[in-house]
Structures are given as structure tokens and as C-alpha cells.
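So the chains spell out like this:
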Amino acid sequence: MDLTVIWAGIIGFAIIAYVVMDGFDLGIGILFPFFKAGKDRDTAMNSIAPVWDGNETWLVMGVGGLLAAFPLAYAIILPALYAPMIAMLLGLVFRGVAFEFRWRDPDHRELWDRAFTTGSFIATFAQGVALGALLQGITVEGRAYAGGWWEWLSLFSILTGFGLVIGYALLGACWLNWKTEGSLQRQAVTYAGRLGISLLVMIGAISLATLTLEPQYHMRWLSFPGVLATALVPIATIAVTYFFYRCLRQTKDAQPFFWALALFGLCLLGLGISIWPNVIPARVTIWEAAAPYRSQVFMLIGASIMVPIIVAYTAWSYWVFRGKVGHDGYH
Amino acid sequence: MIEQEWAIILARMQFAFTVSFHFLFPAFSIGLASFLAVLEGLWLKTGKGVYANLYRYWLKIFAVVFAMGVVSGIVMSYQFGTNWSVFSDKAGPVIGPLMAYEVLTAFFLEAGFLGVMLFGINKVGRKLHFVATLAVAVGTFISAFWILSVNSWMQTPVGYEIAANGQFVPGDSWLTIIFNPSFPYRLIHTLLAAYLTTAFAVGGVGAWHLLKDKANPGARKMFSMAMWMAAIVAPLQVVAGDFHGINTLEHQPAKVMAMEGHYQSHPDGAPLILFGVPNSKDRTVDYAIEIPKLSSLILKHDLNAPLDGLDTIPDANEPPVGIVFWSFRIMVGLGMAMVGIGLWSLAARARKKLYDWPWLHRAALAMGPSGFIAVLAGWVTTEVGRQPFTIYGVLRTVDSASPLDAPAVAFSLLAFVVVYFAVFGMGIWYLLRLMKKPPEAHEAPPSDAPIRSAGITPAPQVLSGDGVPGDARSGEIV
């Protein structure tokens with residue numbers, strides 16, 4: 001297998017890791033105003049306070065890896081998605097500082113709680129919009145983006161924006177079902193139930209809309225005999241949704257979270273099926289955008305040593321803060 | 001074309017603004033993380049409560065600084081692409097891997113252990129907690145290593161080839177790229193600057209509390225530790241800065257000419273211009289106060305050594321003289337003042353009056369923010385001095401920017417300015433509020449956040465906000 005494919009795999013891994021880990025803490029930010037001020041909000045916040053920073057680092061890994069492994073893609077995608085990217089960054093500023101500031105300033109805690117929610121919502125929505133804008137195609141000329149600064153905006157990208165908001169909110173609700181108790185947990189379960197259906201509807205709508213965007217997507221999914229394989233994805237989606245609801249009804253703590261993640265996994269798999277082997281859908285392949293061999297090898301050495309170590313100590317840090325978080329902290 | 005020029009000017013303003021704001025935080029957290037590691041180490045070794053109290057006191061401040069550093073830092077990792085996409089495409093194969101190494105070896109390490117450092121002592125025990133503190137401190141150092149390697153490569157690019165598609169691609173050896181000619185000097189100069197920044201911030205806080213109560217043991221300890229750092233590190237920094245300057249003269253002479261205000265060549269010994277007003281139109285420094293031949297002595301270690309001036313540099317390659325000239329003087333002036341404070345503190349210490357000289361404390365208080373100003377001035381000197389290039393001598397700034405419409409850049413710049421001043425302004429105010437509070441004998445945990453006092457503080461107390469969070473286990477740090 002050539003290094004470019006391996007690097008596409010590593011970037012894909014970083015994106016999955018990001019969605020798995022930062023999705024739920026952004027989701028908690030989105031759901032935050034629905035929780036009672038005081039005990040419930042503090043508990044929700046505390047369930048993610050020790051890990052959010054590490055979670056967000058995967059976002060830096062994704063974009064840093066893109067620059068290193070596929071510099072051309074980085075150089076085209078970021079100007080093309082200029083407005084959503086800036087919005088995401090500013091959203092992350094608000095929500096990131098809110099973790100500290102809300103404790104530092106009890107008089108303005110309400111304000112920082114709002115900043116936490118607004119920032120989380122904007123960052124998530126912007127990520128969804130960016131994904132939609134990428135899927136619908138961006139104008140490329142030579143080695144540069146050649147569209148205007150509003151090209152990202154479309155009904156489709158707004159749909160993907162809301163889709164991701166619902167998706168992350170679902171992960172957040174499932175996380176709270178896992179990590180909290182009492183009325184907050186019951187509230188989270190209720191939300192998870194509603195959000196699961198909403199997400200399924202969104203996945204359906206976005207999937208159908210995607211088929212109309214580029215001939216390649218259509219071919220990939222519907223041409224025979226490939227359709228025999230690709231049809232497994234929607235079937236699996238329905239199966240996963242069934243298991244998700246079954247666990248939720250059986251009041252399991254952790255399992256619904258992992259079924260929700262599986263739903264995200266299927267979406268990312270579908271995304272991969274649609275765009276492979278392009279890094280900019282229908283425009284630039286991973287090989288066209290790839291960094292030279294020497295850059296790939298040098299980074300691969302670092303990544304093969306460091307990623308397992310990172311996964312290990314990240315797992316350790318989650319293990320340290322395992323179990324239910326009460327309103328007086330983890331116990 | 002005019003609009004394109006505006007877009008580039010706005011993009012430069014945006015980068016200068018976001019990176020300057022960002023750097024304030026790591027400049028502090030690099031030093032603070034090491035300071036915390038020393039405090040916790042001393043506490044583990046001696047068991048003295050004053051170290052544990054100081055650790056808790058500064059950990060609260062560190063948490064706020066670190067959060068601001070993280071969120072402003074994420075912005076930087078996207079700025080290269082959003083605003084400097086041509087640069088990113090061309091330089092990505094060389095600088096991209098170095099930045100990826102920064103993420104892999106530093107960012108994850110800091111972020112992964114920060115949670116344990118802030119919240120985990122009751123869960124992992126003292127020794128493992130100390131390991132977490134060390135991991136964060138080492139992470140800040142590793143981060144500085146990689147990003148300064150990237151910056152230095154942009155200043156003194158070596159070890160690359162130009163590919164057919166116009167990209168800079170790595171040559172045979174990554175070590176040549178990583179340890180490019182200006183890197184060791186810049187790394188040491190910047191790390192010492194971060195330590196000095198922290199030392200003077202800590203010293204300023206200590207001085208403030210000594211002025212109010214010179215018996216406060218926490219204030220005495222932090223002031224004494226900060227003044228040792230000032231006395232030892234400030235002179236080292238002068239030496240490191242001199243080496244860095246000589247290295248710059250070798251590789252980026254135009255930058256040094258601008259720093260010195262040398263429009264003209266001096267074939268037999270160049271003067272050191274202490275002050276003056278650079279006049280780029282007439283190519284002279286007005287109202288100059290100068291010491292003959294001293295510049296040659298400093299840069300060449302020879303009074304009569306000839307020094308070229310900007311007259312030897314094509315106009316198109318000349319950096320803006322006024323900014324570089326002034327920022328350099330601000331940095332050096334503050335550096336000298338730091339050395340002065342260090343010496344003054346030694347004199348006071350020798351007479352056993354370190355805690356008794358209010359004028360020393362007032363001076364140290366006034367110098368509290370000096371490190372931040374000096375660090376920014378230093379970065380302005382080196383970055384503006386690199387102009388008009390992004391990669392010195394080979395890629396021009398005007399050829400590096402993204403193909404963006406000027407209004408898009410203007411709006412984002414405005415958004416950054418508003419958000420940064422509002423959010424980080426509040427953050428800095430919170431920091432000052434934390435610093436205003438004297439260190440107490442039973443310093444509270446890093447915040448009233450329930451989680452951080454897991455198992456110690458009764459929840460209702462915390463929630464009502466009027467509890468005295470716990471020293472039920474006063475031996476514990478958190």
C-alpha cells in the first residue's frame with residue numbers, strides 16, 4: 001500500500017477520533033441551556049472539564065496532518081471554507097474559555113454559560129456547513145481556490161450544519177446518560193430519544209441530497225453490482241438505530257453512547273464511499289494533493305510511535321475520571 | 001489589483017493581531033508550567049506547606065492562562081490555510097511535518113495531562129500527579145521546540161529543494177531543516193524570554209503583596225524565587241541575545257541594519273545609535289544620539305570592523321526600518337532594566353533586606369508586565385525584520401497570501417479584534433483579580449468548581465458560592 005493511502009487513513013483516523021471525542025462535549029454545550037442552572041449545569045460541565053482540551057487537540061491534529069500530508073488540499077479547502085472556518089474558530093474561543101471563566105466569575109456565570117452554548121453551537125454548525133460545502137464541490141483553478149467568499153452557502157450546507165448540531169447533541173445526551181444520575185440522567189435520556197429520530201431523518205435527507213450533487217456520488221452508491229455492497233450502509237444504519245433504542249429503553253448507561261457513535265461511524269463510512277479517492281470531492285485526488293515521499297516518511301515515523309502513546313495516555317486519563325460524576329465531582 | 005493589495009495588508013494585520021495576542025499566553029505558560037513543577041517538586045521533597053500553597057495559588061492562574069493559550073492557538077493552526085494558502089501549499093511539505101510533530105509530541109501531552117494536573121490529585125496520588133505536572137511542563141517546552149524550528153526555518157531556510165510544481169520539498173536530511181542556522185539561538189532566546197516573563201510576573205505579584213504585608217510567607221517565597229530568576233536569567237539573556245544578533249547579522253543582515261538604523265555603510269566602525277528617529281525618505285536617523293564604533297564592537301567584537309548599511313540592499317528587499325528600530329530598542333531597554341532589578345535584588349539579599357526595601361518592591365511591581373512587552377517587541381523585531389519575505393530571501397509576502405476578497409478578510413479581522421478584546425480582556429481581568437488576592441496559608445483548590453474538590457467539599461457549600469472549599473485533607477494539593 002502506498003504512503004499516500006496510509007496518510008489518508010491517518011487523517012481519517014484523526015477525524016473519527018475528533019468526532020468520537022469532541023462531538024459529545026460540543027453536544028453538551030448545545031444542550032446546556034435546557035438544563036437547570038446550578039447543580040445540573042455544573043454536573044454536565046464537570047463531566048467533560050478534564051477531557052475537553054485533549055478532545056479538541058484532535059481537531060488540530062486533523063488540520064495539522066492535512067497541512068503536512070496533503071498541503072495542496074489544506075491550501076484549497078481553508079480559503080474555500082473561509083467564513084465557516086473563522087466562525088468555528090471564534091465559537092471554539094468562546095466555549096473553551098467558558099470552562100474556566102464560569103468558575104472564576106460567579107456573578108457572570110449565566111453570561112459564560114450562554115457563551116458556552118453559543119460557541120458550541122456555532123462551532124458545530126460551522127463544521128457541518130464546512131462538510132456540506134466540501135461535498136457539494138468547490139471551485140478550483142490550478143493550485144488554488146477560485147470561488148467567491150460565499151460559495152460555501154447553500155441549502156445543502158445549511159442542512160448538513162443542522163444535521164451535525166443534532167448529531168453532536170445526541171452524543172452529548174448519551175454521554176450524560178452514561179456519566180450522570182438522577183433527574184439530569186432522565187432528562188438526557190428523553191433528549192437522546194428525540195434526537196435519535198431527528199438524526200435518522202437528517203441522515204436520510206442528507207444522503208438523498210448528496211446523491212444529486214455529483215455524478216460520482218450517484219455512480220458510487222447506485223451502480224450495479226456495487227449497490228449490493230453500498231446498500232449495506234443504510235441497512236446497517238437502521239439496525240444500529242434499532243439497537244440504540246433498545247438499549248435506551250433498557251436504561252443502559254454506556255451502551256447508547258456507543259451505538260450513537262456507531263451511527264456516526266456509518267455516516268463517516270458513507271462519506272468515505274462518496275468521495276474516495278479524492279481529498280477535495282470530484283476535484284483533487286489524494287495523490288495529487290500528497291506531500292512528497294520524504295515528508296510522508298518522516299511523519300509516518302513520528303505518527304507510528306506517537307499515536308499509540310497518545311491513545312494510551314488519553315485512555316488512562318479517561319480511566320482516571322471513570323464512573324458517574326456526581327454534583328460534587330467524580331466518585 | 002488594488003483590492004488584492006488591501007486583502008494582503010488586512011491578512012497581515014490579522015496574522016499580526018492573532019499571533020501577538022496568542023503569544024502572550026504561551027510566553028507565560030511555558031515559564032509558569034516549569035515554575036509549578038519546581039514548586040510541586042520542592043513540596044514533595046521538603047513537605048513545606050508554603051510550596052503547596054504557592055502551587056495552588058499559581059495553578060488557578062495557570063488554568064486560565066492555559067485555556068486562553070489553547071483557544072488562541074487553535075486559531076493559528078488554521079490561519080496559515082485560511083489567509084496564507086499559497087505559502088501553505090508551497091511550504092507545507094517542509095513546515096507541515098514539523099508542526100505535525102508539535103501536535104503529536106506536545107499538544108496531546110499537555111492536553112492529556114492537564115486534566116489530571118487540574119483535577120486529579122485525589123484520584124492518582126501525589127507522585128503520579130507530579131508526573132502529570134512534569135508532563136505538562138515538558139510539553140510546553142517541546143511545543144516551543146517545534147514551532148520555533150518552523151519559524152527559524154522561515155528566517156533561515158536550508159535543506160530544501162524546489163519541486164517542479166513550485167513546492168519547497170525536503171532535501172536529504174530533516175536534521176538540516178530542523179536545526180537550521182538560526183534555530184538554536186532563537187530557541188534559547190525565546191525560552192529564556194518566557195522564563196523571564198514569568199519571573200517578572202511572579203515577582204510583580206509577590207512585590208504587590210509584600211508592599212501590603214511583608215510578613216506574608218507566600219509573598220516572600222515567590223518574590224525571592226522570582227528575584228533569583230531575574231538575577232540569574234536576565235544576564236544570561238543578554239549573552240543569548242548577543243549571540244542571536246550575531247547569527248542574524250550573518251544570515252539576515254538587512255534585519256540587523258534596520259534594527260541598528262544603519263541606512264549607510266560604515267567602512268571603519270559603525271556607531272551604536274541609542275535613540276533617534278529613523279527617516280526612511282532621507283535615509284538617515286534624525287536626532288540620533290550615538291556612541292561611535294560601539295555597534296561594530298557589539299556585532300563584530302572589533303571597534304573598527306566595517307559594517308554594511310541598507311544602501312547595500314536592493315530597495316525591494318528592505319524591511320520597514322522604523323518599526324524594527326523601535327521595537328528592538330524597547331526589547332533591549334526592558335532587558336537592561338531586568339538586569340538592573342536582578343542586581344538590585346542581589347544587593348538587597350546580601351544585606352538581608354530583600355523583603356524590606358519598598359522601592360525595590362515598587363520597581364519589581366512596575367516591571368511585572370515587562371516580560372510580555374519585551375517578548376512582543378522582540379517578535380515584532382524578528383518578524384517585521386524578515387519582511388518583505390515570508391520565507392527569507394525566497395518567497396515574498398505578497399506572493400504568499402490566499403486568493404481572498406478584501407471584504408472577507410476585513411470582516412474576519414474585525415471579528416477577531418472584537419472577540420479577542422472582549423474574551424481575553426475579561427480573561428486578563430480575571431487573572432489580575434486572582435493575582436490581587438494574597439496567597440493564603442490554606443490556599444483553596446484551583447477553583448470552586450465542584451469537580452476539582454472531588455470528595456472534599458460538601459456540594460451545597462460550593463453551589464451557594466459561599467463555602468470555604470476544603471482543607472479537610474490539608475496535606476493534599478488540590
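As the structure is a computational prediction, the values presented were derived from the model and not from experiment.

All right, on to the overall build of chain B then. Across its full length, chain B carries 14 helices and six strands. Against the 2.2 N^0.38 benchmark of 23 Å for 478 residues, chain B shows a C-alpha radius of gyration of 24 Å, consistent with a compact globule. Along the longest, intermediate and shortest principal axes, the C-alpha atoms of chain B span 70 × 55 × 40 Å. Restricting to contacts in chain B with at least 6 residues of sequence separation, those with at least 24 account for 74%.

Turning our attention to the overall build of chain A. From N to C terminus, chain A includes 14 helices and six strands. Expected size for 331 residues packed as a compact globule is a radius of gyration near 20 Å; at 20 Å, chain A falls within 12% of this value. On the principal axes, the C-alpha backbone points of chain A span a range of 55 × 40 × 40 Å. By the burial criterion, 56% of the 331 residues in chain A qualify as buried. Counted over contacts in chain A with a minimum sequence separation of 6, partners at least 24 positions apart contribute 77%.

Let us look at the pairing of strand S4 (residues 284–291) of chain B. Residue and element names in this part refer to chain B. Both strand S3 (residues 272–279) and S4 contribute to a ladder of six bridges, which runs antiparallel. Opposite Val-277, over in S4, you have Asp-286 as the bridge partner. Adjacent in sequence and paired antiparallel, S3 and S4 are bridged by four residues, among which Arg-283 carries a positive phi angle near 55°.

When pLDDT is averaged along chain A, the result is 89, and 98% of the positions lie at 70 or above. Here strand S6 (residues 329–330) of chain A is the element of chain A with the lowest mean pLDDT, 50, and helix H7 (residues 155–179) of chain A is the one with the highest, 94.

Residue and element names in this part refer to chain B. Of all eight residues in helix H8 (residues 253–260), seven are buried; the element is thus mostly enclosed. Inspection of H8 places Ala-254, Lys-255, Val-256, Met-257, Ala-258, Met-259 and Glu-260 among the buried residues, and these make up the whole buried set. Of the surrounding secondary structure, the elements contacted by the buried residues of H8 are helix H7 (217–251), S3, helix H9 (294–300), helix H10 (321–350) and helix H12 (370–384). Two residues or fewer past H8, Gly-261 is found with a positive phi of approximately 70°.

Residue and element names in this part refer to chain A. Taking 1.5 Å of rise per residue, 28 residues should cover 40 Å, and helix H6 (residues 109–136) covers 40 Å from first to last C-alpha, within 8% of that figure. Within H6, 22 of the 28 residues are buried, which leaves it mostly tucked inside the rest of the structure. The positive-phi residue at the C-terminal boundary of H6 is Gly-137, with phi of around 105°.

Before going further, it helps to examine the interface of chain A and chain B. Counting residues at the interface gives 68 residues for chain A and 66 residues for chain B. Secondary structure elements with two or more residues in the side of chain A that touches chain B: helix H2 (39–46), helix H3 (52–69), helix H4 (71–80), helix H5 (82–104), strand S2 (144–145), helix H14 (293–320) and S6 of chain A. If one sorts the elements of the side of chain A that touches chain B by residue count, H5 of chain A sits on top with 16 residues.

So, about the packing of helix H6 (residues 183–212) of chain B against H12 of chain B. All names here are of chain B. Orientation of H6 relative to H12, taken along the N-to-C sense of each, is 155°, at an axis distance of 7 Å. Taken together, the axes of H6 and H12 lie roughly antiparallel to each other. Of H12, the residues touching H6 (which contributes Ala-193, Leu-196, Thr-197, Phe-200 and Ala-201) are Ser-370, Gly-371, Phe-372, Ala-374, Val-375 and Gly-378. When its residues are assigned to classes, the contact of H6 with H12 shows seven nonpolar, four polar and no charged.

Before going further, it helps to spend a moment on the environment of Trp-149 of chain A. With respect to the element layout, Trp-149 of chain A can be found in the loop between S2 and H7. Spatially, the C-alpha atom of Trp-149 of chain A lies 32 Å from that of Leu-111 of chain A, the residues being 38 residues apart in sequence. Each residue touching Trp-149 of chain A, except ones within four places of it in the same chain, is listed here: Tyr-82 and Ala-83 of chain A together with Leu-404, Asp-405 and Ala-408 of chain B.

On to the nonpolar core. Note that soluble globular proteins tend to have their nonpolar side chains buried in a common cluster. With 256 residues, the main nonpolar core has Phe-70 of chain A together with Ala-230 of chain B as its most contacted residues. The element contributing the most residues to this core is helix H3 (residues 85–119) of chain B, with 22 residues. Setting aside residues no more than four positions away along its own chain, Ala-230 of chain B makes contact with Ala-199, Phe-200, Gly-203, Met-338, Ile-341, Gly-342 and Ser-345 of chain B.

What follows is about the packing of H10 of chain B against H12 of chain B. Residue and element names in this part refer to chain B. Interaxial distance between H10 and H12 falls to 8 Å at its minimum, and their mutual angle equals 145°. Crossing of H10 over H12 shows left-handed handedness. Contact residues: H10 offers Ile-323, Val-324, Ser-327, Phe-328, Ile-330, Met-331, Leu-334, Gly-335, Ala-337 and Met-338, while H12 offers Ser-370, Ile-373, Ala-374, Ala-377, Gly-378, Val-380, Thr-381 and Val-384. Taken together, the residues that form the contact of H10 with H12 break down as 13 nonpolar, five polar and no charged.

Turning our attention to the confidence of the model for chain B. Any segment with low pLDDT has predicted coordinates that should not be analysed in fine detail. Residues and elements named next belong to chain B. Per-residue confidence for chain B gives a mean pLDDT of 87; residues scoring 70 or more make up 92%. Low pLDDT (under 50) marks residues 447–478, which in the prediction has 74 contacts with non-local residues, meaning those over four places away or in another chain. Prediction confidence for the complex, expressed as pTM and ipTM, is 0.89 and 0.89 respectively.

This part covers unusual backbone geometry. In this structure, the amide linkage connecting Trp-276 of chain A to the following residue, Pro-277 of chain A, adopts the cis form with an omega of 0°. Examined against the element boundaries, Pro-277 of chain A turns out to sit in the loop between helix H12 (255–275) and strand S3 (278–280). Residues Gln-387 of chain B and Pro-388 of chain B are joined by a peptide bond in cis, for which omega reads 5°. Relative to the helices and strands, Pro-388 of chain B is located in the loop between H12 and strand S5 (389–391). Residue Arg-283 of chain B is not a glycine yet carries a positive backbone phi of 55°. By the element assignment, Arg-283 of chain B lies in the loop between S3 and S4. With 13 C-beta atoms counted inside 10 Å, the residue Arg-283 of chain B sits in the partly exposed group.

On to the environment of Phe-62 of chain B. Residue and element names in this part refer to chain B. For Phe-62, the position within the fold is in helix H2 (residues 49–83). Considering only alpha carbons, one finds Phe-62 and Pro-438, 376 residues apart in sequence, at a separation of 16 Å. Ignoring sequence-local partners within four residues, the contact set of Phe-62 consists of Ser-29, Leu-32, Ala-33 and Leu-36.

What counts and what doesn't
- Residues numbered from 1 in each chain as written.
- Chains lettered and ligands numbered in written order.
- Predicted model: local features only at pLDDT ≥ 70, side-chain atom pairs only at ≥ 80, totals over all residues.
- Helix = DSSP H or I, 4+ residues; strand = E, 2+ residues; numbered from the N terminus.
- Rg over C-alpha atoms; globule rule 2.2 N^0.38 Å.
- Contact = placed C-beta atoms within 7 Å.
- Buried ≥ 20, exposed ≤ 12 C-beta atoms within 10 Å, placed from the backbone.
- Pairing = 2+ DSSP bridges.
- pLDDT = per-residue confidence, 0-100.
- Expected span 1.5 Å × (residues − 1).
- Axes fitted to C-alpha atoms, helices over the stretch in contact; angles between N-to-C directions.
- Parallel < 35°, antiparallel > 145°, perpendicular 65-115°, else oblique.
- Nonpolar A, V, L, I, M, F, W, Y, C, P; charged D, E, K, R; others polar.
- Core = buried A, V, L, I, M, F, W, Y, C linked by C-beta atoms within 7 Å.
- Left-handed = near helix turned anticlockwise from the far one by under 90°.

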